[in-house]
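Observations on chain architecture
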Amino acid sequence: MAVSYKSTDSGRLTSGSITKQLISLTGPMIMGILGLTAFELTDSYFVGQLGTDALAALSFTFPVTLVINSLALGLGVGASTLISRAIGERKQARVKLLTTHSLLLAVPMVTILASVGLLTINPLFRLLGAEADILLLIRQYMLIWYPGLIFVVIPIVGNNAVRATGDSLTPGIILLLSAGINILLDPLLIFGIGPFPELKIQGAALATLIARFLSLIMILYVLVHQKKLLAKTIPNPASLMTSWGEILHIAIPTGISQMTPHLAA
């Protein structure tokens, strides 16, 4: 059975007005960028109400989270490049294989990044200039953020896989929905409104984690039930390693180029 993108998403990319195609693709991507920006703006707004120390602690985390997001984006670009090529070649089995393998590649990547991150919180942020009182708040935030990294990386990779089919609207909607959930949860968990506990800066991290987790559920639903982009067979180790090599060949330079401005800043 042909996967659902064959007669809809990919087909409309090769016909019609170029101007309309550009608008239809860039509009949803702008939505996605706004969704990502909304996470940082929302956290900064509510955490800022806790005081200057809490806001300073959150600002110290931004370069680290941006670098990791850049690496995840590199992985997503590597996956989407190969997936879109396979779609153009009408190799449906390879499309499913690459999508599945790219999501599986996120697991060791997250394991390494989260493990290194948790072990280096103190020395890294001291190097960045955080003093003892600020460092304590940073630890409270990052000890929640790092374990939830899987909820950040897989949606980024999954969204890029969906974009490779020509559907840029769905990823944009998912990002906006997750940003909206974060906006809703931030004040509840930071200030302890109603039945929710007052978690302060930890509440901001937990709100982000929950919003990202829900975006993970949404993108997996799209990949499995709407796009039918995931393989149903157990991956062959040799095939898996081949796919990982192809994805990383594109992902590594892309990730480096994405994170370089953040490191320079």
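Located above this text is the structure these notes cover.
The notes below deal with the structure included here. (Residues numbered from 1 in each chain as written. Predicted model: local features only at pLDDT ≥ 70, side-chain atom pairs only at ≥ 80, totals over all residues. Heavy atoms only, no water.)

**What to know about the environment of Ser 70**
Within the secondary structure layout, Ser 70 lies in helix α3 (residues 52–88). The buried category is assigned to Ser 70, whose relative accessible area is 5%. C-alpha separation for the pair Ser 70 and Met 259, spaced 189 residues apart in sequence, amounts to 5.3 Å. (Helix = DSSP H or I, 4+ residues; strand = E, 2+ residues; numbered from the N terminus. Buried < 20%, exposed > 50% of the residue type's maximum accessible area, 1.4 Å probe, protein only.)

**Considering the pattern of salt bridges**
Evaluation of the coordinates by the stated rule reveals 3 salt bridges. Residues Lys 91 and Glu 89 are paired through a salt bridge, measuring 3.3 Å at the closest nitrogen-oxygen approach. Lys 91 sits in the partly exposed class, given a relative accessible area of 43%. Among the ionic pairs, Asp 167 bridges to Lys 227, the shortest N-O distance being 3.0 Å. Taken together, the positions of Asp 167 in the loop between α7 (150–164) and α8 (169–191) and Lys 227 in the loop between α9 (201–226) and α10 (237–264) put the pair 60 residues apart, joining distant regions of the chain. (Salt bridge = Lys/Arg side-chain N within 4 Å of Asp/Glu carboxyl O.)

**A few points about the packing of α3 against α7**
For the pair α3 and α7, interaxial distance at closest approach is 8 Å and the crossing angle is 30 degrees. Classed by the angle they form, the pair α3 and α7 counts as roughly parallel. The way α3 lies across α7 gives a crossing that is right-handed. Of the residues in α7, those in contact with Asn 69, Ala 72, Leu 73, Leu 75, Gly 76, Val 77, Ala 79, Ser 80, Ile 83, Ser 84 and Ile 87 of α3 are Val 152, Val 153, Ile 156, Val 157, Asn 160, Ala 161 and Ala 164. Residue composition of the contact of α3 with α7, grouped by class: 13 nonpolar, 5 polar and no charged. (Axes fitted to C-alpha atoms, helices over the stretch in contact; angles between N-to-C directions. Parallel < 35°, antiparallel > 145°, perpendicular 65-115°, else oblique. Left-handed = near helix turned anticlockwise from the far one by under 90°. Contact = heavy atoms within 4.5 Å. Nonpolar A, V, L, I, M, F, W, Y, C, P; charged D, E, K, R; others polar.)

**Focus on the packing of α3 against helix α6 (residues 132–145)**
Contact geometry of α3 with α6 gives a least axis separation of 8 Å together with a crossing angle of 45 degrees. Comparing their axes, α6 and α3 come out oblique. Pair α3 / α6 crosses with right-handed handedness. Seen from α3, the contacting residues are Asp 53, Ala 54, Ala 56, Ala 57, Leu 58, Phe 60, Thr 61, Val 64, Thr 65 and Ile 68; seen from α6, they are Asp 133, Ile 134, Leu 137, Ile 138, Tyr 141, Met 142 and Trp 145. Considered class by class, the residues forming the contact of α3 with α6 number 13 nonpolar, 2 polar and 2 charged.

**Some words on empty space enclosed by the protein**
Within this structure, the stated rule accounts for 1 cavity of 30 Å³ or more. Considered as a void within the structure, the largest cavity measures approximately 40 Å³ in volume. Together, Ile 144, Trp 145, Gly 148, Val 152, Ala 205, Thr 208, Leu 209 and Arg 212 line the largest cavity. Those elements that place two or more of their residues in the lining of the largest cavity are α6 and α9. Broken down by element, the lining of the largest cavity gets its largest block of residues, 4 residues, from α9. Of the residues assigned to the lining of the largest cavity, the class counts are 5 nonpolar, 2 polar and 1 charged. (1 Å grid on protein atoms, 1.4 Å probe; cavity = no way out; pocket = protein on both sides within 12 Å on 5 of 7 lines; lining within 4 Å. Points joined across faces, edges and corners; volume = space filled by probe spheres on them.)

**With respect to the packing of aromatic side chains**
What describes a pair of aromatic rings is the distance from one ring centre to the other and the angle between the planes of the rings. Overall, the coordinates contain 4 aromatic pairs when judged by the stated rule. Summarising the aromatic geometry, the rings of Trp 145 and Tyr 146 are spaced 5.7 Å apart at their centres and angled 70 degrees between planes, so their arrangement reads as edge-to-face. A residue is classified by how much of its surface remains accessible, and Trp 145, at 7% relative accessible area, is buried. Ring geometry for Phe 151 versus Phe 213: centroids 5.1 Å apart, planes at 70 degrees, classification edge-to-face. With a gap of 62 residues between them, Phe 151 in helix α7 and Phe 213 in helix α9 connect regions that are remote in the sequence. The class of Phe 151 is buried, set by a relative accessible area of 17%. (Phe/Tyr/Trp six-rings, centres within 6.5 Å; stacked < 30°, edge-to-face > 60°.)

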